[in-house]
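Listed below are the residues making up each chain.
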Amino acid sequence: MQHTVTVRVPASTSNLGPGFDCLGIALQIYNDVTVVRGRATRLTPMMRKVGKFFFEATGIAPFAFSVSINGNIPPSRGLGSSVTVRLGVMHALNELSKRTLTRAQLFELCARLEGHPDNAAPAEFGGFNVARGLDCQQFSVSARLHIVLLIPDFEIATARARAVLPSRITRRSAVETGGNACAITAAFASRDYRKLRGAFADGLHQPFRKKLIPFLDNVIAAGETAGALGGFLSGSGSTIACLTLRSPEKIARAMLAAAGGTRARTIITKADNQGTRVLSIRAATG
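A quick note: this is a predicted structure, and the numbers were derived from the prediction, not measured.

1. Remarks on helix α3 (residues 103–114)
With twelve residues, α3 should reach 16 Å at 1.5 Å per residue; the first-to-last C-alpha distance of 16 Å fits that figure. For α3, the full list of buried residues reads Leu106, Phe107, Leu109, Cys110, Ala111, Leu113 and Glu114. One or two positions beyond α3, positive phi appears at Gly115, with a value near 80°.

Below you can see the structure in the form of structure tokens.
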């Protein structure tokens, strides 16, 4: 008898400019992760590491399993694709082992393994999240708010994006960045999204990552001119996001045009307020 669990995990956009490593939003773009117990097939190194970490952290006796992923979250584009794999596998293994860990416990395991709670928190809990280590606060996001994504046809590894960051920044940059991150949090907590305008400026990472995405400023400026509240580099890139209450199609066209000759596509989406959920649990002979 083979037991199968399918888990749906949303993509996430993190940092939101000044909220480096602490702010994130879950998106209505998904990966469905299916895990079958008792069928030992080849796993990617990431999947194997997740399984080993889960079994060691919970004390559950390891068992063979296989993983398949069906979805449309592109890898290495700053949309939390690796988190969807880790959370999906952990949730499925939790169901298959009948351990019944809570969502909070599964988030903590994923955040410890991932090292990026700003992606793990929204993917797990949905909505807009403020992550301070393993302590996070979640706020639902109105369907009025659109998220317009420009997804270039090239990947950026997180390690490479981290390598370009300086070890020091000025006090003025730190103060301005902190103030903007607080303003973004207040706007989402109060649902007064108009207060997001002008709050995405950042001095911690975006100015230094422009060398990896040279059209970053142009795309954000074009989105804002077309009506967006503001824009930012999604995670470590290469995706660029703009938030808006109106004219998302117009903004998407403007962002794409501003990318010049770069091969890219746009997606207009909204926030996902549910987070990770189990779609099905079934037993099948085989």
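2. Thoughts on the packing of aromatic side chains
In this structure the tally under the stated criterion is nine aromatic pairs. Ring geometry for Phe128 and Phe188: centres 4.2 Å apart, planes at 5°, overall stacked. Of this pair, Phe128 sits in strand β4 (residues 128–132) while Phe188 sits in helix α6 (residues 171–190), placing them 60 residues apart in sequence. Phe128 gets classed as buried once you look at its relative accessible area, which sits at 0%. Taking the relative accessible area as the measure of exposure, Phe188 reaches 1% and is therefore buried. Within the aromatic cluster, the residues linked to one another by ring pairs are Phe54, Phe55, Phe63 and Phe65. The ring of Tyr30 carries Arg8 above its face, with NZ or CZ at 5.5 Å from the centroid.

3. Digging into the side chain of Thr244
In this structure, Thr244 sits in strand β8 (residues 240–244). At a separation of 2.5 Å, a polar atom in the side chain of Thr244 contacts the main-chain carbonyl oxygen of Arg246.

4. Details of the packing of helix α8 (residues 216–225) against helix α9 (residues 248–258)
In contact at an axis separation of 8 Å, α8 and α9 are set at 155° when each is read in the N-to-C sense. What the angle tells us is that α8 and α9 run roughly antiparallel. With respect to the hand of their crossing, α8 and α9 are arranged in right-handed fashion. Packed against α8, whose contacting residues are Asn218, Val219, Ala222 and Gly223, the element α9 presents Ile251, Ala254, Met255 and Ala258 at the interface.

5. Re the nonpolar core
In terms of nonpolar packing, the biggest core is built from 34 residues, with Val35, Phe54, Phe65, Val67, Val89, Met90 and Leu93 touching the most fellow members. Where this core is concerned, the elements lending two or more residues are β1 (2–14), β2 (23–37), α1 (45–58), β3 (65–71), α2 (81–97), α3 and α4 (117–125). Residues within four places of Val89 in sequence aside, it is in contact with Val33, Val35, Val50, Phe65 and Val67. Leu16, Leu79, Phe128 and Ile184 belong to the second largest nonpolar core, which has 28 residues in total.

6. Focus on a positive patch on the surface
A contiguous patch of positive charge, built from Arg197, Arg246, Lys250 and Arg253, is present on the exposed surface. Accessibility expressed as a relative area gives 55% for Arg253, which makes it exposed.

7. A few points about the confidence of the model for the protein chain
Per-residue confidence for the protein chain gives a mean pLDDT of 92, with 98% of residues at or over 70. For the protein chain, the element scoring lowest by mean pLDDT is helix α5 (residues 158–163), at 75; β8 scores highest, at 98.

8. What to know about α1
Here α1 spans 20 Å end to end across 14 residues, near enough to the 20 Å set by a 1.5 Å rise per residue. Looking at the packing, one finds that the buried side of α1 touches β3, α2 and α3. Positive phi shows up at Gly59, right after α1, with a value of about 80°.

Definitions and limits used
Residues numbered from 1 in each chain as written. Predicted model: local features only at pLDDT ≥ 70, side-chain atom pairs only at ≥ 80, totals over all residues. Heavy atoms only, no water. Helix = DSSP H or I, 4+ residues; strand = E, 2+ residues; numbered from the N terminus. Expected span 1.5 Å × (residues − 1). Buried < 20%, exposed > 50% of the residue type's maximum accessible area, 1.4 Å probe, protein only. Phe/Tyr/Trp six-rings, centres within 6.5 Å; stacked < 30°, edge-to-face > 60°. Lys NZ or Arg CZ within 6 Å of the ring centre and 35° of its normal. Polar contact = N/O pair within 3.5 Å; in protein donor to acceptor, adjacent residues only side chain to side chain. Axes fitted to C-alpha atoms, helices over the stretch in contact; angles between N-to-C directions. Parallel < 35°, antiparallel > 145°, perpendicular 65-115°, else oblique. Left-handed = near helix turned anticlockwise from the far one by under 90°. Contact = heavy atoms within 4.5 Å. Core = buried A, V, L, I, M, F, W, Y, C linked by side-chain atoms within 4.5 Å. Patch = residues over 30% accessible without salt bridge, like charges linked within 9 Å, V, L, I, M, F, W, Y side chains within 5 Å. Areas by Shrake-Rupley, 256 points an atom, 1.4 Å probe, with all protein chains shown as cover. Salt bridge = Lys/Arg side-chain N within 4 Å of Asp/Glu carboxyl O. Lys, Arg positive; Asp, Glu negative; His and termini not counted. Charge placed at Lys NZ, Arg CZ, Asp CG, Glu CD. pLDDT = per-residue confidence, 0-100.

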